Amino acid sequence: MQDALMIGFAGLAVLIVLIAIRIPIAYAMILVAGVGVTILNGPAIFLSQLKTLAYGQFSIYDLSVVPMFVLMGNISTRAGLSKDLFRAANAWLGWMRGGVAMSAIAACAGFGAVCGSSLATASTMGQVALPELKRFKYSGSLATGTVAAGGVLGILIPPSVVLVIYAIIVEANIVTMFMAAFIPGIIAVILFLLTIAIYVRLWPEAGPPGDAVNLREFREATINVIPVLVIFGLVIGGIYFGYFNPTPAAAVGVFFVSLYGIVRGDIRWKDMRGALLDTAKTAGMIYLILLGAEMLKIFMSRGGVPQAVAEWMVSSGLAPMTILVLLLVALIILGCLMDSLSMILLAIPFFWPVLVELNGGDYVSAAQAGFGMGTEDLKIWFGILALIVVELGLITPPVGMNVFIISAQATDVPMSETFKGIIPFFLAEMVRITLLIAFPIIVLWMPRFLSG
């Protein structure tokens, strides 16, 4: 048993090295898992797993929602939704000091609600918002920092592919997770807007006011954004109120986003073909990572690594809440090294058993539980916290994928200035995490309310 445990920890160390030298994480996980299981149980066991594991993993119905939401995001990117969202937000907020930056945040939130991808949100909104921010002479750090930070809203505001994957890993209800994400997502938008307001009050020259629009332009911009709000209402409202399961809801979203783009003339056959090809590539990548994660989970379980980590944490004498904070800090550090999906797939199978043990097991009452809540509520609460710290990884050096995307678009702004502009938003996220840890009801209230 001790030898198996050592092999498991050695495999984990090798995996980290492979990721650090930029081996694709799916291949790294499959390689480590294959060699590890072969050493522990022989090649026959590993080959036997390969025979059935892929089919068993990919035939899960819940996973069909992933390519549908990815396709909706790809079509949304090509359909011009981002321009309408930014124009409407700018009509409402742009006249204030810092208003154009606030408009970018509001538009990022709206686009993320339809797209579900942080990277796509940052990339698309960067193309729309950065020229306007530059035109009104916003400081480089505030302009790029705003769009990079606004991009992270796409990962939490439903629909979110990463949230779906988390729900599948811990066997949580996807609809419930979407419900739980709504209020924390709104809080993020409010805190980001307040951050900009405080920033431009301290440094007025960083964010001058934009142009006030006349009544006709205001009305036109507001009317043009109504189709986007209707699509969001159909998809998310349909899920929340039980009219659709997530997969049919995503299909409805794909249909109406496509219809919207075709009617506007922004979507042609080559655009649809490009969206389908990009979706196939992204979905294939996600599924391969899922396969690698499942194989790695089997190897680690056979080596006893998750059980050993959970036992060590439980016997450490630290309070459950202290260990939770340490796990969240570990997720932030991991976010500096890999993308959000890979981080969730790699970390959650280790962290979740620890939290269940700290909570007293799978079948304890809320009164007896270490976190003061049952296992189902813990799944929801921890999932939202985990996704928020995963967001931070997208804007945290040295990786900070959103920062790289925005820096590639704003070539006149040094990357160091963009990271400087991120700091106020990072602090706002720390405030949000603290609120959600201190008051879990913020996360749990909406699922309880909508569930009856």
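See the structure above.
Note that this is a predicted model, so its numbers are computed, not measured.

**A closer look at the overall build of the protein chain**
The number of helices and strands found in the protein chain is 20 helices and zero strands. The C-alpha atoms of the protein chain give a radius of gyration of 22 Å, which matches the 22 Å a tight globule of 452 residues would have. In terms of overall dimensions, the protein chain has a C-alpha envelope of 75 × 50 × 50 Å along the principal axes. When the accessible surface of the protein chain is totalled, it reaches about 19,100 Å², and 69% of it is carbon and sulfur. If the 23 positive side-chain charges of the protein chain are averaged to one point and the 23 negative ones to another, these points end up 9 Å apart.

**What about the packing of helix α8 (residues 140–151) against helix α19 (residues 415–438)?**
One can describe the packing of α8 onto α19 by two numbers: an axis separation of 7 Å at closest approach and a directional angle of 60°. As the angle between them shows, α8 and α19 are arranged oblique. The two elements α8 and α19 cross, and the hand of that crossing is right-handed. Contacts between α8 and α19 involve Ser-141, Thr-144, Gly-145, Thr-146, Ala-148 and Ala-149 from the first element and Glu-417, Thr-418, Gly-421, Ile-422 and Phe-425 from the second.

**Structural notes on the nonpolar core**
A general feature of soluble globular proteins is that nonpolar side chains tend to end up buried together. By size, the foremost hydrophobic cluster in this structure holds 163 residues, and its most contacted members are Phe-382 and Ile-384. No other element matches helix α10 (residues 174–202), which puts 15 residues into this core. Excluding anything up to four places from it in sequence, Ile-384 contacts Leu-156, Leu-163, Met-177, Ala-180, Ala-181, Pro-184, Leu-436 and Val-443.

**A closer look at helix α5 (residues 81–93)**
The first and last C-alpha atoms of α5 sit 18 Å apart over 13 residues, in line with the 18 Å expected at 1.5 Å per residue. Buried within α5 we find Leu-81, Ser-82, Asp-84, Leu-85, Phe-86, Ala-88, Ala-89, Asn-90 and Ala-91.

**A look at the packing of aromatic side chains**
Applying the stated criterion to the full structure yields nine aromatic pairs. Both rings, one in Phe-255 and one in Phe-256, keep their centres 5.1 Å apart while their planes meet at 80°; by these two values the pair is edge-to-face.

**Notes on the packing of α5 against helix α6 (residues 99–115)**
Contact pair α5 / α6: the axes reach a minimum separation of 8 Å and the direction vectors enclose 140°. Classified by the angle their axes make, α5 and α6 are oblique. Two packed elements cross with a definite hand, and for α5 against α6 that hand is right-handed. Here Leu-81, Ser-82, Leu-85, Phe-86, Ala-89, Asn-90 and Leu-93 of α5 lie close against α6, whose contacting residues are Gly-99, Val-100, Met-102, Ser-103, Ala-104, Ala-106, Ala-107, Gly-110, Phe-111 and Val-114.

**Some points on the side chain of Ser-141**
Mapped onto the secondary structure, Ser-141 falls in helix α8. Residue contacts for Ser-141: discarding those within four places in its chain leaves Tyr-199, Glu-417 and Gly-421.

**Considering the environment of Ala-330**
In this fold, Ala-330 is placed in helix α15 (residues 320–335). In this structure Ala-330 comes out as partly exposed when scored by relative accessible area, which is 25%. Separated by 59 residues in sequence, Ala-330 and Val-389 have C-alpha atoms that sit 9.4 Å apart.

**A few points about unusual backbone geometry**
Leave glycine aside and you will find that most residues have negative phi; peptide bonds, for their part, are mostly trans. Here Lys-137, not a glycine, exhibits a phi torsion of approximately 60°, which is positive. Phi at Glu-171 takes a positive value of approximately 60°, unusual for a residue other than glycine. Here Glu-171 lies in the loop between α9 (161–170) and α10. For Glu-171, a relative accessible area of 66% corresponds to the exposed category.

**Description of helix α11 (residues 215–240)**
Along its 26 residues, α11 runs 35 Å from first to last C-alpha, staying within 8% of the 38 Å computed at 1.5 Å per residue. Taken together, the buried positions of α11 are occupied by Ala-221, Val-225, Val-228, Ile-231, Val-235, Ile-236, Gly-238, Ile-239 and Tyr-240. Of the surrounding secondary structure, the elements contacted by the buried residues of α11 are α4 (65–78), α5, α6, α10, α12 (246–264) and α20 (441–450). Two or three places before Arg-216, at the opening of α11, Asn-214 has a side-chain oxygen 3.2 Å from that residue's backbone nitrogen. Count one or two residues on from α11 and you reach Gly-242, which has phi positive near 85°.

Thresholds applied
- Residues numbered from 1 in each chain as written.
- Predicted model: local features only at pLDDT ≥ 70, side-chain atom pairs only at ≥ 80, totals over all residues.
- Heavy atoms only, no water.
- Helix = DSSP H or I, 4+ residues; strand = E, 2+ residues; numbered from the N terminus.
- Rg over C-alpha atoms; globule rule 2.2 N^0.38 Å.
- Areas by Shrake-Rupley, 256 points an atom, 1.4 Å probe, with all protein chains shown as cover.
- Lys, Arg positive; Asp, Glu negative; His and termini not counted.
- Charge placed at Lys NZ, Arg CZ, Asp CG, Glu CD.
- Axes fitted to C-alpha atoms, helices over the stretch in contact; angles between N-to-C directions.
- Parallel < 35°, antiparallel > 145°, perpendicular 65-115°, else oblique.
- Left-handed = near helix turned anticlockwise from the far one by under 90°.
- Contact = heavy atoms within 4.5 Å.
- Core = buried A, V, L, I, M, F, W, Y, C linked by side-chain atoms within 4.5 Å.
- Buried < 20%, exposed > 50% of the residue type's maximum accessible area, 1.4 Å probe, protein only.
- Expected span 1.5 Å × (residues − 1).
- Phe/Tyr/Trp six-rings, centres within 6.5 Å; stacked < 30°, edge-to-face > 60°.
- Polar contact = N/O pair within 3.5 Å; in protein donor to acceptor, adjacent residues only side chain to side chain.

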